[in-house]
4 protein chains.
Amino acid sequence: MSYHHIQELAYEANMQLPKLGLVLFTFGNVSVVDRSLGVFAIKPSGVPYEELTPAKMVIVDLDGKTVEGALRPSSDTLTHAVLYKHWPNIGSIVHTHSTYATAWAQTQRDIPVYGTTHADHTTAGIPCAAPMSDEMIKGNYEYETGMQIINCLKENELDYEEVEMMLVSNHAPFTWGKTPAKAVYNSAVLESIAQMAYLTEQINPSSPGLKDALIKKHFERKHGPDSYYGQS
Amino acid sequence: MSYHHIQELAYEANMQLPKLGLVLFTFGNVSVVDRSLGVFAIKPSGVPYEELTPAKMVIVDLDGKTVEGALRPSSDTLTHAVLYKHWPNIGSIVHTHSTYATAWAQTQRDIPVYGTTHADHTTAGIPCAAPMSDEMIKGNYEYETGMQIINCLKENELDYEEVEMMLVSNHAPFTWGKTPAKAVYNSAVLESIAQMAYLTEQINPSSPGLKDALIKKHFERKHGPDSYYGQS
Amino acid sequence: MSYHHIQELAYEANMQLPKLGLVLFTFGNVSVVDRSLGVFAIKPSGVPYEELTPAKMVIVDLDGKTVEGALRPSSDTLTHAVLYKHWPNIGSIVHTHSTYATAWAQTQRDIPVYGTTHADHTTAGIPCAAPMSDEMIKGNYEYETGMQIINCLKENELDYEEVEMMLVSNHAPFTWGKTPAKAVYNSAVLESIAQMAYLTEQINPSSPGLKDALIKKHFERKHGPDSYYGQS
Amino acid sequence: MSYHHIQELAYEANMQLPKLGLVLFTFGNVSVVDRSLGVFAIKPSGVPYEELTPAKMVIVDLDGKTVEGALRPSSDTLTHAVLYKHWPNIGSIVHTHSTYATAWAQTQRDIPVYGTTHADHTTAGIPCAAPMSDEMIKGNYEYETGMQIINCLKENELDYEEVEMMLVSNHAPFTWGKTPAKAVYNSAVLESIAQMAYLTEQINPSSPGLKDALIKKHFERKHGPDSYYGQS
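In this text, all values refer to a predicted model and were calculated from it rather than measured experimentally.

(A) Representation of the side chain of Thr79 of chain C. Residue and element names in this part refer to chain C. Tracing the backbone through its elements, the reader meets Thr79 in helix H2 (residues 77–86). Here Thr79 falls in the buried class, since its relative accessible area comes to 1%. Beyond its immediate sequence surroundings of up to four residues, Thr79 is in contact with Glu142, Thr145, Gly146, Ile149 and Phe174.

As structure tokens, then:
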């Protein structure tokens with residue numbers, strides 16, 4: 001059984017994080033799933049980006065058990081596993097501690113929709129999953145983090161295929177997508193949205209937010225049957 | 001009919017945006033007009049900057065209809081077309097989602113004149129066009145965006161040849177100029193002015209703004225018959 | 001007696017500071033101790049990073065007296081000496097004037113624990129040592145700075161092997177570690193934590209901070225007998 | 001008469017400004033004086049840094065009249081001339097519109113002494129010269145700007161050899177020094193001090209500022225007969 005294809009993809013996607021300024025040292029990880037094999041490739045834990053190679057990507061099954069690889073996988077591996085198991089249509093997950101998105105997560109607030117940069121990507125505020133109970137933290141913490149993300153979307157009646165980015169309270173952002181390129185793209189977009197929303201509130205604490213009609217318009221320019229952004 | 005000259009200019013100007021730190025991914029576009037041919041060259045929609053070539057620039061007429069090019073033009077094309085049609089003396093238009101200018105747009109506030117860096121470029125605050133009605137948004141949105149820009153200048157009794165930069169509410173900045181170099185320059189200047197104005201209000205919320213005499217002096221140093229900035 | 005080994009280590013660590021964006025001009029210094037020889041190597045005072053060489057690192061004993069070297073050692077040398085003398089298990093010390101950590105030091109406030117990025121590194125707020133009395137400042141200032149750091153940790157009942165970073169009121173941060181790589185890492189992490197905490201309070205002045213259970217969990221993921229972060 | 005020596009120095013110093021991130025486009029200028037010849041070399045007006053050469057530096061006398069050079073000198077030339085004429089011991093002047101220092105200038109506030117980074121360079125707050133009267137602005141504006149700087153220092157009973165950096169209300173910073181290297185260094189230090197002071201007030205609006213004893217101590221570490229910073 002060869003896993004080279006997802007190891008190569010996971011390696012390339014992980015290496016994008018420092019290039020995009022989204023990680024300091026080892027504070028982030030990307031995984032890429034192969035649905036037919038039922039496994040994903042993920043960054044090894046605590047290994048600096050400059051020492052990564054495709055072969056060092058660890059292969060893990062959807063219960064978070066290592067299938068192949070000499071190194072220990074990311075300490076966040078179980079969170080990735082839970083999301084892949086519950087969300088059949090995602091192909092890749094990214095976790096960073098990028099500065100502005102992490103600051104918002106630390107405030108326990110959703111990021112409001114203040115402009116079209118945000119609405120181009122999702123029609124909702126970026127949800128911030130509630131803090132976990134002490135029992136969840138002391139129990140299977142990384143598994144519970146995944147469940148917290150899943151349940152937060154459910155409670156907000158949002159679809160993981162429409163909202164591909166979230167904050168976890170007092171922790172940091174997670175993003176996902178059909179492809180590793182899209183999942184990494186979402187992390188960079190979230191960081192930019194988070195910075196702009198911060199500045200917007202600083203300049204005008206009573207900024208009115210985006211009209212519903214404009215939210216709908218911008219999202220439909222980029223998504224759905226009548227979209228006209230990009231090359232079809 | 002050859003459009004190479006404006007395709008080359010539009011390509012070069014578009015490539016300046018990531019170099020100046022004004023765009024993330026594909027969030028921006030530059031167009032360059034040829035008045036004698038009645039067409040402009042504009043970035044294709046959603047194509048990453050590193051994949052652009054002069055030949056990929058789409059040729060569009062002043063009603064926004066594609067004249068030449070295999071790719072779909074920027075989704076903001078009609079906004080460019082409207083501005084070229086109404087403002088006979090501009091040669092190029094730039095649209096970005098640069099961080100600080102976009103944050104100001106999201107607040108629906110004009111950027112006040114706090115210093116000479118601003119007054120060197122325009123004697124007025126940078127206007128923020130009002131939010132559109134739902135009818136305008138659901139209708140010909142990009143056309144209406146252009147009309148909103150034009151009407152906002154009119155209402156403020158400002159001349160598009162004197163004020164070459166504006167914000168669109170909850171959206172982002174547009175700038176223009178006689179040449180592509182000037183239009184791109186204006187986008188970078190606007191971002192710098194927007195950052196300084198933000199910091200000014202944070203440090204001193206009752207900052208007094210610039211005296212009229214100083215606004216006039218600095219603008220006239222750079223513009224008009226008695227200017228003495230630059231090489232004549 | 002050869003000191004090349006610590007000179008080389010100190011040189012390499014000092015050169016990391018400008019690469020990580022932690023210093024402007026000469027505003028920082030790293031030292032590396034050899035416990036068996038009872039000396040440490042430290043950056044010479046006021047020499048630009050681009051002119052440094054391993055041979056220019058000054059060798060100083062734990063009372064701060066120069067043992068070898070043609071150049072004057074860092075003006076902060078006595079602070080380093082005091083810390084090495086009182087804390088037998090540290091191998092390296094870093095001092096910078098990095099922007100966000102220095103701003104916090106200037107406020108005389110501890111940095112609260114707002115998120116897991118912080119809790120991954122220490123279970124406590126980053127302490128800010130109290131301002132010195134005029135007598136201490138006029139006396140042996142750099143020695144007293146070291147004592148202020150040591151006493152602040154004691155008063156907060158914190159262990160220098162668990163909390164490896166601190167602020168000195170109205171001055172700037174100091175960090176340390178068993179190795180030069182760890183001490184430099186701590187300076188970069190502190191700067192990131194300081195920036196995130198600043199943004200957190202700006203976005204939500206009543207941000208609740210991290211639950212005790214989560215502080216404990218994240219610290220134990222990375223540290224202690226049951227840690228599972230990184231490669232063992 | 002050859003001016004190559006000051007043209008070369010002025011060229012080198014001007015080229016440092018974009019490298020240090022202190023200027024956007026042409027928003028800054030450095031001059032270098034030769035006291036024995038009674039002239040200074042200054043950047044030509046509005047010429048991009050990448051097109052500068054030593055030969056393009058304009059030679060001007062202390063009344064601001066061009067002595068040699070095909071290009072028009074910086075529009076701020078008269079301000080430089082006034083300072084050279086009144087302050088016999090300075091060798092170079094730098095003017096930028098660096099972001100944070102300019103934001104402070106726009107608030108019309110002095111930058112308070114919040115920490116040792118500031119006190120290492122001057123014992124006083126960074127003064128912000130008062131706004132000019134309309135008559136001064138309409139008159140010999142650049143000459144009056146120089147007089148405003150000189151008078152502001154006098155009113156604050158500060159010596160231009162001790163305080164080598166200032167803000168001009170609603171305009172931007174000026175710095176100077178015995179050498180071009182020192183004058184450029186002062187511009188970068190001022191920008192850093194300005195950013196830290198801004199952050200300090202944001203984090204804690206009632207930050208207490210630096211004790212007099214510590215201001216004195218840090219300044220004397222670097223300056224005066226008992227200084228022990230740097231290599232003697």
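The rest of the description comes next.
(B) Broad picture of the relation of the copies chain C and chain A. In the superposition of chain C on chain A (RMSD 0.0 Å, axial shift 0.0 Å), the rotation amounts to 90°. With respect to symmetry, the two chain copies, as superposed, fit the operation of a four-fold axis. Within chain C, the C-alpha atom positioned nearest to the axis of rotation is that of Gln202 of chain C, 5.5 Å from it. Taken together, the interface assignments show that only 5% of the residues at the interface of chain C recur at the interface of chain A, consistent with different surfaces on the two copies.

(C) Representation of the sheet that holds strand E5 (residues 92–96) of chain A in the model. Residue and element names in this part refer to chain A. If you walk across this open sheet you meet the 8 strands as E4-E3-E2-E1-E5-E8-E7-E6, and the pairing is mixed. Of all the strands in the sheet, the pair left with one neighbour each is strand E4 (66–68) and strand E6 (128–129). Inspection of the sheet shows E6 paired to strand E7 (residues 165–168) by 2 bridges, in the parallel sense. Within E7, the position partnered with Cys128 by the bridge is Leu167. Taken strand by strand, helix H1 (residues 4–19) contacts strand E1 (28–34), strand E2 (39–42), strand E3 (58–61) and E5, and its axis lies near 155° from that of E1. This element, helix H6 (residues 141–155), spans E6, E7 and strand E8 (173–177) of the sheet and lies at about 120° to E7.

(D) Inspection of the packing of aromatic side chains at higher detail. For the structure shown, the criterion picks out 28 aromatic pairs over all chains. Taking 6.5 Å as the distance between ring centres and 80° as the angle between the ring planes, the aromatic pair formed by Tyr185 of chain B and Phe27 of chain D counts as edge-to-face. Placement of the pair is Tyr185 of chain B in helix H7 (residues 180–203) and Phe27 of chain D in the loop between helix H1 (4–19) and strand E1 (28–34), with the two residues belonging to separate chains. Here the two residues Tyr185 of chain B and Phe27 of chain D agree in accessibility, since each one is buried. Each ring, one from Tyr100 of chain C and one from Tyr198 of chain C, has its centre 5.8 Å from the other, and the planes form 40°; the classification is tilted. With Tyr100 of chain C in helix H3 (residues 99–107) and Tyr198 of chain C in helix H7 (residues 180–203), this pair connects stretches of sequence that are 98 residues apart. Like Tyr198 of chain C, Tyr100 of chain C is buried. Taken together through their ring pairs, the aromatic side chains of Phe25 and Phe27 of chain A together with Tyr185 of chain C make up a single cluster. Geometry around Tyr49 of chain B places Lys43 of chain B over its ring, the cationic atom sitting 5.0 Å from the centre.

(E) The arrangement of the environment of Val33 of chain D in detail. Relative to the helices and strands, Val33 of chain D is located in strand E1. Residues contacting Val33 of chain D, with those up to four places away along its chain left out, are Ile6, Val39, Phe40, Leu62, Tyr84, Ile90 and Gly91 of chain D.

(F) Examining the pairing of E1 of chain A more closely. All names here are of chain A. Most of E1 sits out of view: 7 of its 7 residues are buried. Where burial is concerned, the two faces of E1 agree: the one with Gly28, Val30, Val32 and Asp34 and the one with Asn29, Ser31 and Val33 are both buried. The sheet contact formed by E1 and E5 spans 5 bridges and is antiparallel. Residue pairing across strands places Gly28 opposite Thr96, the latter belonging to E5. Where E1 and E2 come together, 4 bridges link them in antiparallel fashion.

(G) Layout of the interface of chain B and chain A. Chain B puts 35 residues into the contact, and the matching count from chain A is 37 residues. Surface buried jointly by chain B and chain A totals about 3,100 Å² across both partners, of which 57% is contributed by carbon and sulfur atoms. Counting the contacts that link chain B with chain A gives 3 salt bridges. Among the ionic pairs, Arg221 of chain A bridges to Asp76 of chain B, the shortest N-O distance being 3.4 Å. Across the contact surface, chain B and chain A share 21 residue pairs in polar contact (both at pLDDT 80 or more). Of the residues that constitute the side of chain B that touches chain A, the class distribution is 13 nonpolar, 16 polar and 6 charged.

(H) Region of the structure containing the sheet that holds strand E7 (residues 165–168) of chain C. Residues and elements named next belong to chain C. Spatial strand order, E4-E3-E2-E1-E5-E8-E7-E6: 8 strands in an open sheet with mixed pairing. Edge positions in the sheet fall to strand E4 (66–68) and strand E6 (128–129), since each has one partner strand and no second. Relative to E7, H3 is tilted by about 55°, and along the sheet it contacts E6, E7 and strand E8 (173–177).

(I) Quick look at the state of the cysteines. Taken as a whole and judged by the stated rule, the model has 0 disulfides over all chains. Looking at the unpaired Cys152 of chain C, the closest cysteine sulfur is the one in Cys128 of chain C, lying at 7.4 Å.

(J) Structural context of the relation of the copies chain B and chain A. The transformation that overlays chain B on chain A combines an axial shift of 0.0 Å with a rotation of 90°, and the residual RMSD is 0.0 Å. Taken together, the interface assignments show that only 6% of the residues at the interface of chain B recur at the interface of chain A, consistent with different surfaces on the two copies.

(K) Fine view of the interface of chain C and chain A. Contacts between the two partners involve 37 residues from chain C, matched on the other side by 36 residues from chain A. Summed over both sides, the interface of chain C with chain A buries roughly 3,100 Å², with 56% coming from carbon and sulfur. The largest contributions to the chain C side of the interface with chain A come from Met196, Ile203 and Gln231 of chain C, which together make up 21% of the buried area. For the pair chain C and chain A, the interface holds 21 residue pairs in polar contact (both at pLDDT 80 or more). Where the side of chain C that touches chain A is concerned, the elements lending two or more residues are helix H4 (116–119), H7 and helix H8 (212–222) of chain C. A total of 12 residues in the side of chain C that touches chain A trace back to one element, the largest contributor, which is H7 of chain C. Of the residues belonging to the side of chain C that touches chain A, the class tally is 16 nonpolar, 16 polar and 5 charged.

What counts as what
- Numbering of residues starts from 1 in each chain and follows the order in which that chain's sequence is written.
- As they are written, the chains are lettered A onward and the ligands numbered 1 onward, keeping that order.
- Totals for whole chains, interfaces and linings use all residues, but because this is a predicted model, local features are given only for residues with pLDDT of at least 70 and pairs of side-chain atoms are given and counted only at 80 or more.
- Computation of side-chain values covers all heavy atoms of the structure but excludes hydrogens and water.
- Think of it this way: any DSSP run of H or I at least four residues long counts as a helix, any run of E at least two long counts as a strand, and we number them from the N terminus.
- Remark: exposure states derive from per-residue accessible area (1.4 Å probe, protein chains only) relative to the maximum for the residue type, with buried under 20%, exposed over 50%, and partly exposed in between.
- By definition in these notes, contact holds between two residues if any of their heavy atoms fall within 4.5 Å.
- Our superposition of the copies is a least-squares fit, built on the C-alpha atoms of residues whose pLDDT is at least 70 in both.
- Two strands qualify as a pair provided DSSP detects at least 2 bridges between them.
- Only the stretch in contact is used when a helix axis is fitted, and all axes are lines through C-alpha atoms; the angle between N-to-C directions ranges over 0 to 180 degrees.
- Any two rings among Phe, Tyr and Trp, with Trp reduced to its six-membered ring, count as a pair given centres within 6.5 Å; such a pair is stacked if its planes are under 30 degrees apart, edge-to-face if over 60, and tilted if neither.
- Lysine NZ or arginine CZ positioned within 6 Å of the ring centre and within 35 degrees of the ring normal marks a charge as sitting over the ring.
- Buried area: the accessible surface (1.4 Å probe) lost by two parts on joining, summed over both.
- Put simply, a salt bridge is a Lys or Arg side-chain nitrogen that is within 4 Å of an Asp or Glu carboxyl oxygen.
- Pairs of N or O atoms within 3.5 Å make up the polar contacts considered here, provided that, within protein, one atom can donate a hydrogen while the other can accept it, and that residues adjacent in sequence are counted only when both atoms are side-chain atoms.
- Residues are grouped as follows: Ala, Val, Leu, Ile, Met, Phe, Trp, Tyr, Cys and Pro are nonpolar; Asp, Glu, Lys and Arg are charged; every other residue, Gly included, is polar.
- Disulfide assignment relies on a single distance test, namely cysteine sulfur atoms paired within 2.5 Å.

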